[in-house]
Amino acid sequence: MKFSSYNLNSDLIEALKELGYVDLTPIQEAVIAKAIKGKSLICKSETGSGKTHAFLVPIFNRINNSLDKIQALIVSPTVELASQTYSFALDIANILGIKIKLLSSSIDKNSSLNDFNFKNEQPKIVIGTPGRIHDILLKNNLTDITKIDTIVLDECDMLLDNAYINQISDLLNIIHPKQRLVFTATMKDHLIADTYKFIEAEEIIDIDTHKVNHNVKHHLVNLKHGDIIDSLCSFLEIEKPFYTMVFASMKTQVDKVYRELNARGIRSALLNGDMESRDRKITMKRIRQGEFNLIICSDIASRGIDLDNVTCVISLDLPSDLDYYYHRAGRTGRNNNKGDSYIFYNDDKMELVQKLIKKNKNIDFDYYVLRNSSLKKVETITGKKKQEKNEVLEAKIKKEIAKVRSKKVKPGYKKKVKEAIKKAKEDHKKQIIKTNIRNKKKENASKGGYGTY
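It should be emphasised that the depicted structure is a prediction, and the values quoted were computed from it without experimental measurement.

Cut-offs used in this document
- Residues numbered from 1 in each chain as written.
- Predicted model: local features only at pLDDT ≥ 70, side-chain atom pairs only at ≥ 80, totals over all residues.
- Heavy atoms only, no water.
- Pairing = 2+ DSSP bridges.
- Helix = DSSP H or I, 4+ residues; strand = E, 2+ residues; numbered from the N terminus.
- Axes fitted to C-alpha atoms, helices over the stretch in contact; angles between N-to-C directions.
- Contact = heavy atoms within 4.5 Å.
- Parallel < 35°, antiparallel > 145°, perpendicular 65-115°, else oblique.
- Left-handed = near helix turned anticlockwise from the far one by under 90°.
- Nonpolar A, V, L, I, M, F, W, Y, C, P; charged D, E, K, R; others polar.
- Patch = residues over 30% accessible without salt bridge, like charges linked within 9 Å, V, L, I, M, F, W, Y side chains within 5 Å.
- Areas by Shrake-Rupley, 256 points an atom, 1.4 Å probe, with all protein chains shown as cover.
- Salt bridge = Lys/Arg side-chain N within 4 Å of Asp/Glu carboxyl O.
- Lys, Arg positive; Asp, Glu negative; His and termini not counted.
- Charge placed at Lys NZ, Arg CZ, Asp CG, Glu CD.
- Buried < 20%, exposed > 50% of the residue type's maximum accessible area, 1.4 Å probe, protein only.

**Q** Looking at this model, I keep getting lost on the sheet that holds strand 5 (residues 150-153). Mind explaining?
**A** Hydrogen bonds between backbone groups are what pair the strands of a sheet, and the pairing can be parallel or antiparallel. Taken in spatial order, the seven strands make up an open sheet running 3-4-2-5-6-1-7, and their pairing is parallel. A strand with exactly one partner marks an edge of an open sheet, and here the two such strands are strand 3 (100-103) and strand 7 (203-206). On average, adjacent strands in this sheet sit at an angle of 15° to one another, irrespective of strand direction. In this structure, strand 5 lies alongside strand 6 (residues 179-184), joined through four bridges in parallel fashion. Across the sheet, residue Thr150 finds its bridge partner in strand 6, namely Gln179. Of the strands in this sheet, strand 1 (41-44), strand 6 and strand 7 are in contact with helix 2 (residues 26-35), which crosses strand 1 at around 175°.

Given below as C-alpha cells:
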C-alpha cells in the first residue's frame, strides 16, 4: 500500500514522495489509518521496521500551522534516538514550513528556554529526552503544555523503567493528551498489559516481532578462550567487513576495546552512555559523514540508531536480556541490504548461547571456531563433528544382543548385553581395518607397486 492511498494532506503526501517515502511498511500500514483518527495505541514491531514514520506521518497530518501552540510531543529515551527522530521530522517540516524543536542535552539549555518564550512563535512539534523535556517544559512556566494533543513514547520499555517512570507520569498527569502513541520493539507481554492500563490505550498493534529478517545471517563464533582483543583483531583481518558495529554489555569493556584497537592502529569510533552529549553529537556527525567504518559501542547505540549500510554486527558477549541481542543485530540488514551478525563466546558461556538458540528456533545459526588467526566453520556449537548413524554397526549390535537374550531375565543378563555390544563394536572395527588394508593393496597393485602390509 502507498501513502497516497490514505486520506492524508496532499502537501504531506508530496513531501513524503519528495523524500522517497512512497510505499508503507507493515507497521505503518497497521498504525497510520487508526492514528490519523486520533486513537491511542500501543504498537509493537521489530527494530528497523519503520516505526518512526508510523507516528510522524499522523502527527504532521494533524498539525494546524495557524495555531501558535505545541501540538505534539515525542519522547525518546536517548539523545541519539531523539536526534535521529528530529532529523527525520525536520526533513518533512522544512518542506511543509512547520516549526519543530529538539530538546536534549545536546542543545544549549538557555537557547531552548528562549524558544518557548510566549513572545516567540511556538514550535508545533517538540522532540526530546525525558530529563530535558522535564527541565524546559514542566519546571518553567514559559508555554501552555496542557493543550498538547498527541504524545508519543518511543522505545517505551526504556521510558517506563525506574530511570524515567516518574518523569513520564508527571508529563501524562499535567498534559492529559487526547492521543497517546506508544512504540516498542521488545516489550514483554505482561508489561504491555500494564502499559495498556497506564496510558489508557484503546488498542494494541503487534506486528510479528519474531519474524526473521532474512537479510541478516546469524553466526556463533567460539573463541576457545582466546584473548578478546586478539580475537577481534584476527576476525577483522580475516573477514575485512566493510562497515562494522561492535557491541559489548559493559562500559568498561567498550572503553578497553576502543583503546586497545586504536593503540594497535585500528581506527574506530566510540559510543557509550557516559559520553558528554556534545562529544556524542560530534561523534555521530562524524560517523554519518563516513569518517569511520568501525564503531565500538554499548547497547545505548542498539536502540533505534539508524546508520546506513552497516554490513556487520559483532557482539563480544551476549546481554543478560537476550532481547537486546536483536536490537544489536537489527543495526544491519536494513532497507533490503544484506548483513551478518556474529556472536563471540567461550565454552563457559555455552548455557547462555544455547538459551538464545532455544528461544529463537526460527533462526538458523551457523557455527565457527576462531583460533590461531583462523576462522573455521564447524558443524555443531561444540565444534565436534556430528555422529553419523552407522546402520551396519547397529545391525551387528542387535544380532549379538539377540544371541544372549532369553525370555526369562537371568542373573548377569545386563553384563552379557554389555559384553555383546563390546564384541559387536570390536568386530566392526576389525572389519573396517581389514577393508582398508584390502583397498590399500588394490590401490598399490593398480599403480604397479607392492602392498605394504
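Structure's up, so let's keep going.
**Q** What's the story with the packing of helix 10 (residues 228-239) against helix 11 (residues 251-263) in this structure? I'm lost.
**A** Axes are the key here: two packed helices are described by the angle between their axes and the distance separating the axes. The contact between helix 10 and helix 11 brings their axes to 10 Å, and the two run at 55°. Relative to helix 11, helix 10 is oriented oblique. Considering the relative orientation of helix 10 and helix 11, their crossing is right-handed. Taken together, the residues of helix 11 that come into contact with helix 10 (itself represented by Ile228, Ile229, Leu232 and Cys233) are Gln253, Val257, Glu260 and Leu261. Among the residues making up the contact of helix 10 with helix 11, the classes are represented as six nonpolar, one polar and one charged.

**Q** How do you make sense of the sheet that holds strand 9 (residues 244-247) when you look at a structure like this?
**A** Pairing is mixed across the open sheet formed by eight strands, whose spatial order is 10-11-9-12-13-8-14-15. Here the strands that pair on one side only, and so sit at the sheet edges, are strand 10 (269-271) and strand 15 (374-378). Strand-to-strand, the axes of this sheet are offset by a mean angle of 25°, without reference to chain direction. Taken together, the four bridges between strand 9 and strand 12 (residues 312-315) define a ladder with parallel strand orientation. Bridging across to strand 12, Val246 finds its partner in Ile314.

**Q** Looking at this structure, how should I read a positive patch on the surface?
**A** A surface patch of like charges, here positive, comprises Lys430, Lys434, Arg438 and Lys442. Topologically, Arg438 is positioned in helix 16 (residues 413-446). For Arg438, a relative accessible area of 41% gives the class partly exposed.

**Q** Help me out: how do you make sense of the pattern of salt bridges in this one?
**A** Close approach of charged atoms allows side chains of opposite charge to pair. Enumeration over the complete set of coordinates arrives at 18 salt bridges. Between Lys377 and Asp366 there is a salt bridge whose closest N-O contact spans 3.8 Å. Here the residue Lys377 occupies a position in strand 15, and Asp366 occupies one in strand 14 (residues 365-371), the gap between them amounting to eleven residues. Asp427 is paired through a salt bridge with Lys423; the nearest N and O atoms lie 3.0 Å apart. In this pair, Asp427 and Lys423 both sit in helix 16, four residues apart, roughly one turn of the helix. One continuous salt-bridge network, built from bridges that share partners, spans Lys34, Lys39 and Glu203.

**Q** Could you clarify how one ought to interpret the side chain of Ser315 in this entry?
**A** The topology assignment puts Ser315 in strand 12. If we ignore the near neighbours within four places in the chain, the residues touching Ser315 are Phe247, Tyr325, Arg328, Tyr342, Ile343 and Phe344.

**Q** Quick question: what am I supposed to make of the environment of Lys34 here?
**A** Take Lys34: it is sitting in helix 2. For Lys34, a relative accessible area of 27% gives the class partly exposed. Put simply, Lys34 and Pro58 are 24 residues apart on the chain and 9.0 Å apart in space, counted from C-alpha to C-alpha. Lys34 has contacts with Lys39, Leu41, Glu203 and Ile205, leaving out every residue within four places of it along the chain.

**Q** Would you explain the packing of helix 2 against helix 3 (residues 51-62) in this entry?
**A** Taken N-terminus to C-terminus, the directions of helix 2 and helix 3 make an angle of 25°; their axes are 9 Å apart at the nearest point. Here helix 2 lies roughly parallel to helix 3, going by the angle between them. The chirality of how helix 2 crosses helix 3 is right-handed. The residues of helix 3 that touch helix 2, namely those facing Ile27, Gln28, Val31, Ile32 and Ala35, are Lys51, His53, Ala54, Val57, Pro58 and Arg62. Residues belonging to the contact of helix 2 with helix 3 are distributed by class as follows: seven nonpolar, two polar and two charged.

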